[in-house]
Amino acid sequence: MKQSQSQAQGAATFDEMLSGGDGVRPPYRRFRNWLDGQEPARLLKKARDAEAIFRRTGITFNVYGDEQSNERLIPFDMIPRIIAAGEWRRLTEGIEQRVVALNAFLHDIYHRQEIVRAGRVPKHLLVNNDALLPQMMGVTPPGGVYTHIVGIDIVRTGENEFFVLEDNARTPSGVSYMLENRETMLQMFPELFSANRVRPVKDYPALLRQSLTACPPERCSGKPVVAVLTPGIHNSAYFEHAFLADEMGVELVEGSDLRVIDGRVQMRLTTGYQPIDVLYRRVDDAFLDPLTFNPESMLGVPGIMDVYRSGGITIANAPGTGIADDKAIYSYMPEIVEFYTGRRALLENVPTWRCSDAESLSYVLDHLAELVVKEVHGSGGYGMLVGPAASKKEIEAFRDKLKARPGNYIAQPTLALSTVPVLVENGIAPRHVDLRPFVLVSDKVRIVPGGLTRVALKEGSLVVNSSQGGGTKDTWVLGD
Amino acid sequence: MLGRTANGLFWMARYMERAENTARLLDAGLRIALTRTGDASGEWESVLNSAGVAEAFRANGRQATAETVADFLLRAPESPSCVLNTLRAARDNGRMVRTALTRDAWESLNAGWLNLRERLSAPFTETDLPEVLSDIKRETALFRGMFYGTALRNENYSFARLGTYVERADNTSRIIDVKYYVLLPSFSRVGSSLDNYHWEAILRSVSAHRAFAWAYNAEPTPVLIADFLILNKKMPRSLAACYQEITHHLGLLGEGAGCHKSACEIAAMLESGSIDTIFAEGLHEFLTDFVQRNNALSSAIATTYRFIPD
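In this text the structure is predicted, and so the values were computed from the model without any measurement.

### Quick notes on the pairing of strand β17 (residues 409–413) of chain A
Residues and elements named next belong to chain A. Of all five residues that make up β17, four are buried, and the element is covered over most of its length. Taken together, the two bridges between strand β14 (residues 353–354) and β17 define a ladder with antiparallel strand orientation. Paired with W353 across the two strands is A411, which belongs to β17. Pairing of strand β15 (residues 371–375) with β17 involves five bridges; the strand directions are antiparallel. What sits directly across from L371, in β17, is P413.

### Quick notes on the interface of chain B and chain A
On the side of chain A, 26 residues touch chain B, which itself brings 28 residues to the contact. Both faces considered, chain B and chain A share a buried interface measuring about 2400 Å² in area, 44% of it formed by carbon and sulfur atoms. Remark: the boundary between chain B and chain A carries six salt bridges. One salt bridge in this structure joins R4 of chain B and E254 of chain A, with 3.2 Å as the shortest N-O distance. Inspection of the region where chain B meets chain A yields 16 residue pairs in polar contact (both at pLDDT 80 or more). Sorting the residues of the side of chain B that touches chain A by element identifies α1 (3–35), α5 (83–96), α6 (103–119) and α8 (155–178) of chain B as the ones contributing at least two each. Grouping the constituent residues of the side of chain B that touches chain A by class yields 13 nonpolar, five polar and ten charged.

### Some remarks on the packing of aromatic side chains
Each aromatic ring pair is summarised here by two numbers: the centre-to-centre distance and the angle between the ring planes. Under the criterion given, the structure shown has 26 aromatic pairs over all chains. Judged by centre distance (5.6 Å) and plane angle (35°), the rings of F31 of chain A and W34 of chain A are tilted. Here F31 of chain A pairs with W34 of chain A, and both are found in helix α2 (residues 29–36), just three residues apart, close to one helical turn. Of the two residues examined, F31 of chain A and W34 of chain A, each falls in the buried class. Judged by centre distance (5.5 Å) and plane angle (90°), the rings of Y216 of chain B and F228 of chain B are edge-to-face. Highlighted residues: Y216 of chain B in helix α11 (residues 209–216) and F228 of chain B in helix α12 (residues 222–230), separated in sequence by twelve residues. By relative accessible area, Y216 of chain B is classed as buried at 18%.

### Things to note about the confidence of the model for chain A
Of the residues in chain A, 94% reach a pLDDT of 70 or more, and the chain-wide mean stands at 90. A low-confidence stretch, residues 1–11 of chain A (pLDDT under 50), is modelled with four contacts involving residues beyond four sequence positions or located in other chains.

### Structural notes on the packing of helix α4 (residues 85–109) of chain A against helix α14 (residues 333–341) of chain A
Residues and elements named next belong to chain A. Packing of α4 against α14 brings their axes to within 9 Å, and their N-to-C directions diverge by 85°. Classified by the angle their axes make, α4 and α14 are roughly perpendicular. Here α4 contributes Q97, R98, A101, L102, A104, F105 and D108 to the contact with α14, which in turn contributes M333, I336, V337, F339, Y340 and T341. Taken together, the residues that form the contact of α4 with α14 break down as nine nonpolar, two polar and two charged.

### Thoughts on empty space enclosed by the protein
Residues and elements named next belong to chain B. All told, the structure shown has eight cavities of 30 Å³ or more when counted by the stated rule. Approximately 130 Å³ is the volume found for the largest cavity. Among the secondary structure elements, those contributing two or more residues to the lining of the largest cavity are α1, α7 (129–150) and α8. Among the elements that take part in the lining of the largest cavity, α1 stands out by supplying five residues, more than any other. Empty space within the second largest cavity amounts to approximately 70 Å³. Residue lining of the second largest cavity: L25, A28, G29, E43, S46, V47, S50, I175, K179, A201 and S205, and that is the complete set. Put simply, the parts of the chain that give the lining of the second largest cavity at least two residues each are α1, α2 (41–51) and α10 (196–205). Sorting elements by how many residues they give to the lining of the second largest cavity places α2 first, with four residues. Along the lines of polarity and charge, the residues of the lining of the second largest cavity split into five nonpolar, four polar and two charged.

### Side note on helix α6 (residues 175–188) of chain A
Residues and elements named next belong to chain A. Over its 14 residues, α6 runs 20 Å from end to end, which matches the ideal 20 Å to within 8%, given 1.5 Å per residue. Judged by how many residues are buried, α6 sits mostly within the fold: eleven of 14 residues are covered. The set of residues buried in α6 consists of V175, S176, Y177, M178, L179, E180, N181, R182, T184, M185 and M188.

### A closer look at the pairing of strand β4 (residues 149–158) of chain A
All names here are of chain A. When you tally the buried positions in β4, you get ten out of ten residues, the bulk of the element. Of the pairings in the sheet, the one linking β4 to strand β20 (residues 438–441) comprises three bridges and is antiparallel in character. Residue pairing in the sheet places G151 in a bridge with F438 of β20. Pairing of β4 with strand β5 (residues 161–168), which is carried by seven bridges, proceeds in the antiparallel orientation. Considered in β5, the bridge of I152 is made with D167. Hairpin connection, β4 to β5: the antiparallel pair is bridged by two residues.

### Focus: the state of the cysteines
By the definition in use, this model includes zero disulfides over all chains. Left without a disulfide partner, C264 of chain B is nearest to the cysteine sulfur of C259 of chain B, which lies 9.4 Å away.

Rules used in this analysis
Residues numbered from 1 in each chain as written. Chains lettered and ligands numbered in written order. Predicted model: local features only at pLDDT ≥ 70, side-chain atom pairs only at ≥ 80, totals over all residues. Heavy atoms only, no water. Buried < 20%, exposed > 50% of the residue type's maximum accessible area, 1.4 Å probe, protein only. Helix = DSSP H or I, 4+ residues; strand = E, 2+ residues; numbered from the N terminus. Pairing = 2+ DSSP bridges. Contact = heavy atoms within 4.5 Å. Buried area = accessible area lost by both parts, 1.4 Å probe. Salt bridge = Lys/Arg side-chain N within 4 Å of Asp/Glu carboxyl O. Polar contact = N/O pair within 3.5 Å; in protein donor to acceptor, adjacent residues only side chain to side chain. Nonpolar A, V, L, I, M, F, W, Y, C, P; charged D, E, K, R; others polar. Phe/Tyr/Trp six-rings, centres within 6.5 Å; stacked < 30°, edge-to-face > 60°. pLDDT = per-residue confidence, 0-100. Axes fitted to C-alpha atoms, helices over the stretch in contact; angles between N-to-C directions. Parallel < 35°, antiparallel > 145°, perpendicular 65-115°, else oblique. 1 Å grid on protein atoms, 1.4 Å probe; cavity = no way out; pocket = protein on both sides within 12 Å on 5 of 7 lines; lining within 4 Å. Points joined across faces, edges and corners; volume = space filled by probe spheres on them. Expected span 1.5 Å × (residues − 1). Disulfide = S-S within 2.5 Å.

In structure tokens form, the structure reads like this:
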């Protein structure tokens, strides 16, 4: 039988549920049996129930510049994304190696820059790079830890093909969705969890607290006092900030609650001021300290950087970690991992053309229609070109931007991201997904078996960002 | 706890109380307007005065009718203390102190806000009004019940209760003050019974027209009504009842602070006061003085417990 065009395309895309020899891949077998016995109408009703729960609970995110409906729900799809025990083991080994390398790289960059002297990373990537903070040169953070919390974005293209798409080393968000999605699934389909050995994720807040507490600053005496710093209720991830503070049982503070007194950052309680030892900040570097960075910032704490440099507080993540998740640096990650761990990187990078390089630029300009082009400092899926999905006009407009500032862009092949089915009106349909496991770095590396699976809900779309119409799924890591 | 959290709890509770009282005030006004033959605009004027928005209402030449007053008190964006804006402020404060609320309390606050925002999104007719008002009363009561039923009895709880009673004392005293002229001897001799309509308006605005009869077993007279709303601790919206709670919660928060002293002085004044003396010295003067002292206490609480940076 001749393959039709759609089948040919389907064959190129790896479906995590259906691309098995006999139609269903092993981790999904029990789930699939269950799914076959479900009434579609019942599932759709459950989907609406789930949405009502999310709305009532206030699990929303705010969209910048969207005044009208500024608290939106991230759509939740009820078909779980399932990862087998062996797959997870492989991933965690690679992730652990990578975060160790990231921290070693950061320490090196802010100290002797051996990797530059060794000629493995070019100096020009560091000079004039806004993500490199001169204020951090020579500063060693408590415990030598830079990235206390990392979100490693991973995509899959085949049975054994995993790639790291991005290292989120600043303030990765989304972990509250990992936890709430599981909570919702447990409430709606308890029977699924007695039939499948799904490893729990609920320990994340406790592990986060342990991990943060294990990195006290020099001047901390006694049990470290932890707090979460939020920009406030209008921030897009406010729900998550409140959620994590609440789950950890620590104060959720804003800049206006904090003041530097006697060389410590202290929070204003009803009874007076109390020093904070470890600050899990969800405020960007630029807003952290108006005396050091953006002087207009109302979100930070004047003088916190001085306290930090004198060992009076742990800031998680450390200021200046952005240099490690810069997209231009990303392309050097295989070299970086090898340089600091002495081993080949277990997790591969997506092949990347640096447009700052003349030869690469001319290749990229010739192949714009096939490539994904991203801004070096961009995030959230903004300012990028997905060649195969773009119109001729969009490509030409992008070509001009690229020619004007080539150093501002990198390009990657359009990966055939794996798909997982989602629930649609008339059954199920495949949609592209990625995976963001959350990694805690401190006295040791802690990884909760799970993560945030983001799914591009629009048919054929490869952009999974919530700001661009992406949704989320519960992510199951199966036990042995 | 954080000073800002105390501030958020205090104002969340104040705004919820305010929203509820505005609905009750409007409900009373509506009832009077419906049952009274003749011109109801005087009654609407009282309602606007009690809510403290009469001037803002008149600003662009509005005429007071059930619909215009309801629109202004419930949903007009330009009306800062309308129920919609008050609830938004309550919910924003609740969201800010999310970690200090139980999940049940937060969900009822959030669900209540989502429901009422929808309900108040478009103008409504006089026919819809009773249902809208009962929705507001139900949602605010649900929140109060969830909060009361699930909150740990710690300082979080006390700061929220303080907000409730400071706001309630303010509202009750303003309701009496707007109607004080009908309680004055010159209007109706002391001891004589009042025109039905007047006493009903007052008692209904505090949801106590039946309770009064049970408490006093007598025809409402100006003196008895004033006694009921100012000095009777059994009446949960009276000034004395509010101050009994305020001093109780301030006591739980810790002795010795400046605001305790002024709260205790006000409570003692209500405790030992007699209604005859209050009338003799001037009801309006008494209420004006009370509102000022109540406001001053609110500021003193904010300072004592470091609600905002100094």
